[in-house]
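# Descriptive analysis of the structure
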Amino acid sequence: MTAPAPEAETLRQPVRRIQVAGLFGAAAALIVVLAAVHLTQGTSSVGAGDLIRLVFGQGTDNAANVLIASRLPRLLAGVLVGIALGVAGAGLQSLARNSLASPDTLGVNAGAYLAVVVVAAFGVPLPVLPAGGVAFLGGLAAAGLVLALSAGGSTGPTRLILAGSAVAMALGGLTTLMLLLFREETVGTFAWGAGTLVQTDLDAVTQMAPVVLLGLVGAFLLAAKLDILTLGDDTASVLGVNVRRTRVLATLATVLLSAAAVTVAGPVGFVGLVAPVLVRLLAPLVPGLLRHRVLLPLSGLTGVLVVLASDVVLRAAFGGQAGVEIPTGIMTMVVGAVVLIWLARRHRDSGPSRAPAGAGSGLRSRRTFWLVTIALAVLLAGAAVGAMLTGDAFLRTGDIVNWVNGNSGRAITYVLDQRFPRVLAALLCGAALAIAGTTVQAVCRNPLAEPGILGITGGAGVGAIGTLILLPSASIWLLSGVAAVAAVITFGLVYLISWRGGLSSDRLVLIGVGVSSAATAIITLLIVATDPWNLSLAMTWLSGSTYGRTLPQIAPVALALFVLTPLIAHLRRDLDLLALDDDVPRILGVRLERTRLLALLAAALLTAAAVSAIGVVGFVGLVAPHAARALIGGRHARILPVAALLGAILVSLADSLGRTVLAPAQIPAGLLTALIGAPYFVYLLWRTRVPTR
Amino acid sequence: MRRTALALVAAALFGLTACGTSEPTASDTPSNAAAQPVSVTDARNKKVDLKAPAAKVVALEWNAVESLVSLGVMPVGVADTKGYTNWVTAEKLDASVKDVGTRGESSVDAIVALNPDLVITTTDEAANNIAQLEKAAPVLVIRGSDAKNPIGQMKTNLDLIAQAVGKTEQAKQLTADFDKKLAEGKQKIADAGKAGSGFMMADGWKQGSTITVRMFTNGSMLGAISTELGLKNGWTGAGDKDYGLAQTDLEGLTKLPDGEFLYIANKNDGGDVFGGDLAGNAIWKNLPFVKAGNVHRLPDGIWMFGGPKSAGQFVDAAVQAVTS
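Residues numbered from 1 in each chain as written. Chains lettered and ligands numbered in written order. Predicted model: local features only at pLDDT ≥ 70, side-chain atom pairs only at ≥ 80, totals over all residues. Heavy atoms only, no water.

## Brief notes about a nonpolar patch on the surface
All names here are of chain A. To keep things clear, this is the line we draw: Candidate patch residues must exceed 30% relative accessible area and have no salt bridge, after which like charges are joined if within 9 Å and Val, Leu, Ile, Met, Phe, Trp or Tyr side chains if within 5 Å. Method for areas: the Shrake-Rupley scheme with a 1.4 Å probe, in which residue coverage is limited to the protein chains shown. Between Lys or Arg on one side and Asp or Glu on the other, a salt bridge is scored when a side-chain nitrogen of the former is within 4 Å of a carboxyl oxygen of the latter. Runs of E in the DSSP output that reach at least two residues are strands. Runs of H or I that reach at least four are helices, and both are numbered from the N terminus. Burial status follows relative accessibility: with a 1.4 Å probe on protein chains alone, a residue under 20% of its type maximum counts as buried, one over 50% as exposed, and anything between as partly exposed.
A grouping of Leu470, Leu471, Leu478 and Val482 is seen on the molecular surface, where their side chains present a nonpolar patch of about 360 Å² in accessible area. On the secondary structure map, Leu471 appears in the loop between helix H20 (456-470) and helix H21 (476-498). Residue classification places Leu471 among the partly exposed residues on the basis of a relative accessible area of 44%.

## Description of the packing of aromatic side chains
Residue and element names in this part refer to chain B. What counts here: In summary, the pairing rule links any two rings of Phe, Tyr or Trp, Trp by its six-membered ring, whose centres are within 6.5 Å, and it sorts them by plane angle into stacked for under 30 degrees, edge-to-face for over 60 and tilted for everything else.
According to the stated counting rule, one finds 15 aromatic pairs over all chains in the structure shown. On the basis of an interplanar angle of 35 degrees and a centroid distance of 5.6 Å, the ring pair of Phe274 and Trp284 is categorised as tilted. Taken as a pair, Phe274 in helix H9 (residues 273-277) and Trp284 in helix H10 (residues 282-285) lie far apart in primary sequence, 10 residues in all. Of the two residues, Phe274 and Trp284, neither departs from the other in class, the shared state being buried. Feature note: the residues Trp62, Tyr84, Trp87, Phe216, Tyr243, Trp303 and Phe305 constitute an aromatic cluster, connected by ring pairs.

## Thoughts on the nonpolar core
We count it as follows: As used in this record, nonpolar core signifies buried Ala, Val, Leu, Ile, Met, Phe, Trp, Tyr and Cys residues forming a set joined through side-chain atoms within 4.5 Å. By definition in these notes, contact holds between two residues if any of their heavy atoms fall within 4.5 Å.
The biggest cluster of nonpolar side chains holds 186 residues, and the ones touching the most others in it are Val264(A), Leu289(A) and Leu606(A). Considering every element that reaches this core, the biggest residue donor is helix H19 (residues 410-444) of chain A, with 17 residues. Setting aside residues up to four positions removed in sequence, Leu289(A) forms contacts with Val20(A), Leu23(A), Val279(A), Leu282(A), Ala283(A), Val294(A), Leu295(A) and Leu298(A). Counting residues in each nonpolar core, the second largest holds 61 residues, with Ala54(B), Val65(B), Leu160(B) and Ala321(B) among its members.

## Concerning the pattern of salt bridges
All names here are of chain B. In total, this model carries 19 salt bridges over all chains according to the counting rule given. In this structure, Arg297 engages Asp272 in a salt bridge whose closest nitrogen and oxygen atoms are separated by 3.0 Å. You can see Arg297 sitting in strand S13 (residues 295-297) and its partner Asp272 sitting in the loop between strand S12 (260-263) and H9, a full 25 residues away along the chain. Exposure remark for Asp272: the relative accessible area of 18% places this residue in the buried category. A salt bridge links Asp300 to Arg297; the nearest nitrogen and oxygen atoms lie 2.9 Å apart.

## Here we look at helix H24 (residues 551-570) of chain A
Residue and element names in this part refer to chain A. As a reminder, the rule being used: Working rule for helices: expected span equals 1.5 Å times residues minus one. To obtain the bend at a residue, axes are fitted to the seven residues ending there and to the seven starting there, and the angle between these axes is taken.
Along its 20 residues, H24 runs 29 Å from first to last C-alpha, staying within 8% of the 28 Å computed at 1.5 Å per residue. At Leu564, H24 shows its strongest bend, of approximately 30 degrees, with the proline Pro566 following within four residues. The complete set of buried residues in H24 reads Gln553, Ile554, Pro556, Val557, Ala560, Leu561, Leu564 and Ile568.

## Considering the packing of H21(A) against helix H27 (residues 592-614) of chain A
Residues and elements named next belong to chain A. For clarity, the cut-off: Interaxial angle, 0 to 180 degrees, is taken between N-to-C directions of lines fitted to C-alpha atoms, where a helix line uses only the stretch in contact. Oblique is the label for any angle not covered by the other classes, which are roughly parallel (under 35 degrees), roughly antiparallel (over 145) and roughly perpendicular (65 to 115). The hand of a helix crossing depends on one turn: near helix anticlockwise from the far one by less than a right angle means left-handed, and clockwise means right-handed. Classification convention: Asp, Glu, Lys, Arg as charged; Ala, Val, Leu, Ile, Met, Phe, Trp, Tyr, Cys, Pro as nonpolar; all other residues, Gly among them, as polar.
Between H21 and H27, the shortest axis-to-axis distance is 8 Å and the interhelical angle comes to 140 degrees. Between H21 and H27, the angle falls in the class oblique. Relative to H27, H21 is oriented so that their crossing is right-handed. Facing H21, whose interface residues are Ile476, Leu479, Ser480, Ala483, Ala484, Ala487, Val488, Phe491 and Tyr495, H27 presents Glu593, Arg596, Leu597, Leu600, Leu601, Ala604, Leu605, Ala608 and Ser612. Looking at the contact of H21 with H27 residue by residue, the classes come out as 14 nonpolar, 2 polar and 2 charged.

## Description of H27(A)
Residue and element names in this part refer to chain A. Counted at 1.5 Å a residue, the expected span for H27 with its 23 residues is 33 Å, and the 33 Å between its end C-alpha atoms agrees. Taken across its 23 residues, H27 has 17 buried, putting it largely inside the fold. Residue Gly615 follows H27 closely and has a positive phi angle near 85 degrees.

## Concerning the sheet that holds strand S7 (residues 139-142) of chain B
Residue and element names in this part refer to chain B. Applicable threshold: When DSSP finds two or more bridges between a pair of strands, those strands are recorded as paired.
Strands sit in the order S5-S4-S3-S6-S7 across an open sheet of 5 strands; the sheet is parallel. The open sheet has two free edges, formed respectively by strand S5 (98-99) and S7, since each of these has just one partner strand. Strand direction decides the pairing type here: strand S3 (residues 57-59) and strand S4 (residues 77-78), joined by 2 bridges, are parallel. Following the sheet pairing, Ala59 is matched in S4 by Val78. Packing of helix H2 (residues 62-70) onto the sheet brings it into contact with S3, S4, strand S6 (118-122) and S7, and relative to S3 it is tilted by some 140 degrees. Together, S3, S6 and S7 form the strand contacts of helix H6 (residues 150-165), whose direction differs from that of S7 by roughly 165 degrees.

Quick look at the structure:
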């Protein structure tokens with residue numbers, strides 16, 4: 001458990017009423033100023049002058065209408081969302097005793113958003129209030145799962161964040177799937193999915209305001225008990241607090257608040273993380289700030305400040321029109337990612353978040369290794385042949401034989417000609433991602449790390465889609481090249497930021513999560529700002545797809561595998577040692593940093609090649625090495641080939657399923673790997689959880 | 001153990017090869033040998049050579065589908081047939097037309113299974129998807145629209161498709177009919193004394209309390225047609241370079257002058273934003289054209305990005321709305 005000691009210490013300090021009141025006053029004043037500026041911004045010509053005249057009773061009807069039906073709703077939506085998320089974030093952080101908890105990192109927003117999209121996709125025209133109920137249930141389910149997986153967050157931040165990101169990723173995959181399949185019904189939901197404050201009436205705000213109020217009242221009633229809970233569960237029980245009931249009630253209140261916010265404006269990213277953190281920053285200066293009856297309302301006000309400031313800056317920088325085209329949530333997400341990175345940098349390594357290295361990594365016999373390898377090779381052949389056979393049209397093996405011999409008929413020839421590169425793309429990218437994942441896990445000495453979670457995949461995605469937007473006809477080599485450079489730069493950034501007199505693997509993972517969130521925000525921004533009507537482009541790049549791949553596009557992956565696999569294989573013994581600890585390799589004369597960098601660079605390049613070929617595909621790099629370790633033990637000479645086989649099988653299988661299940665509609669492979677991979681990841685977290693007392 | 005594994009491999013391989021084939025290995029027979037070869041240069045500046053005018057055509061964008069049916073060629077496969085039926089009423093599809101998947105990522109398997117002579121898609125399709133399709137069949141790529149000359153682009157597209165399917169005479173007729181309809185519409189509007197009056201064309205959708213409005217600039221086909229009819233577009237902002245569409249919110253509508261506000265909604269796909277959701281809205285209620293009762297919902301199913309038949313439907317609907 002992370003020691004709550006310093007915080008408990010500040011809690012015992014008396015509340016300095018005057019200072020606290022001053023702080024509230026300052027926050028309120030700042031909100032008033034921001035709100036005033038906020039009101040003057042918009043797509044119409046109504047400006048500050050018109051509004052001032054309006055105040056003095058000389059304004060035009062037009063100005064009054066704009067104020068009432070557009071500016072005020074937008075402002076109030078911002079205020080409501082800010083308060084709700086700020087208080088929810090503060091509550092969740094206290095519950096998890098962890099400053100990295102928030103509606104985003106616990107998957108609450110993702111769950112609520114998925115629920116809203118499902119309702120939209122099936123064309124159920126729910127009024128705002130029931131829609132909010134659906135969002136609440138979705139958010140609650142996600143939060144419950146994540147909290148259960150991380151033992152209420154008390155086992156340390158890394159597990160919490162990883163469980164949250166995994167659940168959010170899986171839910172995000174489902175959401176993307178709905179958006180893809182119900183294009184007309186959900187048009188507009190894509191930009192909304194990043195959190196927008198554009199409001200046309202006060203319906204959502206007025207209907208959600210009582211819900212938010214209910215959540216706020218609930219949270220404040222629990223404030224005193226939350227104070228006591230900070231002292232630790234045991235102490236709290238001794239002091240007569242029903243710990244379980246308090247936790248459940250507080251979770252319900254915070255989820256209610258987050259769900260209301262999602263219903264009003266979509267998932268506005270990271271406000272719930274940033275707001276309480278800002279308040280906690282002031283805590284050493286103002287005694288008593290961490291008492292929940294102070295902390296909760298102040299976090300709410302700070303949430304309002306974050307939302308309004310993001311919106312004001314967005315429109316001041318890019319003009320009123322940008323406020324329509326670019327979702328406010330993108331701004332808050334970038335701000336939030338920076339805060340997350342900063343927090344992670346301060347984070348002290350607390351150890352137990354890492355699964356014990358021995359989990360399923362005992363030495364197995366050589367015979368087991370060969371048996372597993374042969375079985376997997378057979379499976380791989382099966383998956384490959386299966387992939388060639390399945391799809392919208394089911395073929396038979398004899399067709400493949402004819403095709404190979406060059407005497408298949410016209411239709412079969414074409415089908416197989418187009419399937420072949422896709423199957424190959426899936427196999428090669430799966431193998432590349434698995435090898436990259438194995439390397440990253442060994443080097444980071446964290447079984448929960450993977451290129452996606454470290455931000456490498458996201459960075460490569462930003463590079464690739466940026467190139468596509470600037471040069472729509474860019475060749476695959478240019479695309480891969482830029483993606484590779486971007487991946488390496490992103491990775492270098494993550495590595496450097498997390499370097500603080502040594503590499504803490506927990507810190508690396510936390511900062512990676514922050515960077516990959518920022519990358520996702522940037523990808524969404526690029527798409528929304530340049531090609532808002534092109535949903536397919538967005539979906540393909542955000543979810544990974546083998547659709548329409550041709551042989552030349554696979555060449556970079558093949559090349560990367562061909563060149564880098566031997567290099568990584570050459571490092572296999574160093575990887576074994578690196579996976580142990582820092583000292584053993586040093587004693588044995590391994591040049592630690594050089595090997596580490598070399599291995600990670602190779603992993604980054606492999607990832608970039610895979611990303612530029614099939615887009616952003618998650619979880620393979622995580623799941624494959626794990627399964628490999630569980631099957632054949634911890635030696636990299638064995639893990640590498642087995643993981644590569646497993647990765648290839650996984651992506652190939654996902655691709656075959658995606659082409660078949662809803663044919664003729666096609667589902668990107670990346671969505672299915674997320675749907676297959678996320679539960680496995682959740683299972684891993686579950687198995688390696690530290691049992692609660 | 002190892003022997004078991006080997007046996008398994010052998011069994012698997014045996015199983016895989018022993019399943020027979022789906023088709024005779026004989027290659028396809030040349031069809032329509034008497035017809036003249038066709039060569040068309042498409043929007044990519046690429047020559048598409050066909051041995052004969054295409055008869056079995058798959059179309060992946062609805063404007064191409066509509067043009068094909070107008071020209072008297074029923075496509076064998078269409079992307080998202082259900083969506084087409086909802087949104088495009090200008091030309092009906094036969095029940096036999098196969099759905100080949102979504103408009104963004106159509107199923108190559110489904111397309112190939114139809115054994116088409118030609119696949120028609122637009123420049124919106126990613127280059128590698130087109131390259132992929134080209135292995136299956138000749139692909140004619142049209143430009144979805146061109147905001148610099150939307151009506152011209154529509155006619156160019158019709159001509160390209162007509163050449164490829166050998167229906168150039170019909171295309172001429174369709175174009176002539178459309179031009180005639182346009183001239184007649186213009187005359188009707190002039191007769192009603194509405195020439196030079198303002199118009200706005202929009203569609204929109206709602207998510208939660210967020211209403212997004214999409215304005216049709218003069219670079220959009222419907223905006224250009226309205227201008228041809230002698231009306232003046234009240235929306236002066238810029239749109240995207242292909243379809244001439246601009247995005248705004250409700251507040252952005254206050255920039256609009258008085259005039260006829262035309263909009264398209266679809267009862268099968270989401271509600272009626274302008275007619276329903278906005279009824280009680282202060283900005284909307286006080287917009288000059290709303291106050292004057294000049295808001296017109298056009299009939300459902302006029303495809304905003306379609307061919308001459310859809311455009312003709314729009315001319316009728318717009319003339320009707322403006323002169324009534």
